[in-house]
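The primary structure of each chain is shown beneath.
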Amino acid sequence: GQQVMQIPQYQHVQEGEDFTTYCNSSTTLSNIQWYKQRPGGHPVFLIQLVKSGEVKKQKRLTFQFGEAKKNSSLHITATQTTDVGTYFCAGPLQGGSEKLVFGKGTKLTVNP
Amino acid sequence: DTAVSQTPKYLVTQMGNDKSIKCEQNLGHDTMYWYKQDSKKFLKIMFSYNNKELIINETVPNRFSPKSPDKAHLNLHINSLELGDSAVYFCASRRTENTEAFFGQGTRLTVV
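What comes next concerns the included structure. (Residues numbered from 1 in each chain as written. Chains lettered and ligands numbered in written order. Predicted model: local features only at pLDDT ≥ 70, side-chain atom pairs only at ≥ 80, totals over all residues. Heavy atoms only, no water.)

### Concerning the packing of aromatic side chains
Residue and element names in this part refer to chain A.
Stage number 1. Applying the stated criterion to the full structure yields eleven aromatic pairs over all chains.
Stage number 2. Ring centres of F19 and Y87 lie 5.8 Å apart, and the angle between their planes is 45°; this geometry places the pair in the tilted category. Placement of F19 in strand 3 (residues 19–25) and of Y87 in strand 9 (residues 85–92) is noted, with a sequence separation of 68 residues between them.
Stage number 3. Judged by relative accessible area, which is 1%, F19 ranks as buried.
Stage number 4. Take Y87: its relative accessible area is 1%, and that puts it in the buried class.
Stage number 5. Summarising the aromatic geometry, the rings of F88 and F102 are spaced 6.1 Å apart at their centres and angled 80° between planes, so their arrangement reads as edge-to-face. (Phe/Tyr/Trp six-rings, centres within 6.5 Å; stacked < 30°, edge-to-face > 60°. Helix = DSSP H or I, 4+ residues; strand = E, 2+ residues; numbered from the N terminus. Buried < 20%, exposed > 50% of the residue type's maximum accessible area, 1.4 Å probe, protein only.)

The structure is reproduced here in structure tokens:
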């Protein structure tokens, strides 16, 4: 069935290094969203991408939506300890766009 | 004011008991969700309601029964609790399809 795959599951970096997480869908998505969950916290919305090939930036974070609208990435430049957490992509899948399905997430740890 | 609030935050109970988790949103959103997050941090959608009507019912044991008395509330009742039900349960809401989801703080359920 339709699903959203996300890799890697874990990523350990030194502070100052870059980080990227990738999300792939088996079907075309109308949009994709990204969320961040801090340790012990709840998922918090970061951004939504809608257009094919769209690129959006939020300070050190760059989000991309693939041309075929089946994949997306989140890239963090020069990670900081405040970037620690689990990053999830989410998309509206089978059953209608009300069904917001999350990828398995990438847990980022940053060594100071 | 908290946008999406869940109670209780922690719930420890014995196997076989019945328990409820309450969720309220003050954002005026039409769609509400229940997600289960297991120890590996996977966020799995359980139910979705739109304006008090059940829209999505994933493959969830029928021991789990959602109830939406009005569109601002979505409660989750669990019968005959099992060890495998231990997880963090998140309530979420969003205004319409393809908009950002707002999550509650989560309810950590521990079944002993």
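### Here's the deal with the interface of chain B and chain A
Stage number 1. On the side of chain A, 19 residues touch chain B, which itself brings 23 residues to the contact.
Stage number 2. Buried area between chain B and chain A, both sides added, is near 1900 Å², and the carbon and sulfur share of it is 52%.
Stage number 3. Area buried by chain B at its contact with chain A is led by F42, L43 and N98 of chain B, which between them contribute 26% of it.
Stage number 4. Viewed at the interface, chain A and chain B are joined by seven residue pairs in polar contact (both at pLDDT 80 or more).
Stage number 5. Of all the elements in the fold, those that place two or more residues in the side of chain B that touches chain A are strand 4 (31–37), strand 5 (43–50), strand 6 (53–57) and strand 9 (87–94) of chain B.
Stage number 6. Within the side of chain B that touches chain A, the residues separate by chemical class into ten nonpolar, eight polar and five charged. (Contact = heavy atoms within 4.5 Å. Buried area = accessible area lost by both parts, 1.4 Å probe. Polar contact = N/O pair within 3.5 Å; in protein donor to acceptor, adjacent residues only side chain to side chain. Nonpolar A, V, L, I, M, F, W, Y, C, P; charged D, E, K, R; others polar.)

### A word on the pairing of strand 4 of chain B
Residue and element names in this part refer to chain B.
Stage number 1. Within strand 4, six of the seven residues are buried, which leaves it mostly tucked inside the rest of the structure.
Stage number 2. Two elements, strand 4 and strand 5, share seven bridges in a ladder whose sense is antiparallel. The partner of Q37 across the bridge, within strand 5, is L43.
Stage number 3. Between strand 4 and strand 5, which follow one another and run antiparallel, lie five residues, and K41 among them has a positive phi close to 75°.
Stage number 4. By the bridge criterion, seven bridges tie strand 4 to strand 9 in an arrangement that is antiparallel. (Pairing = 2+ DSSP bridges.)

By themselves, these are just geometric observations and shouldn't be taken as functional.
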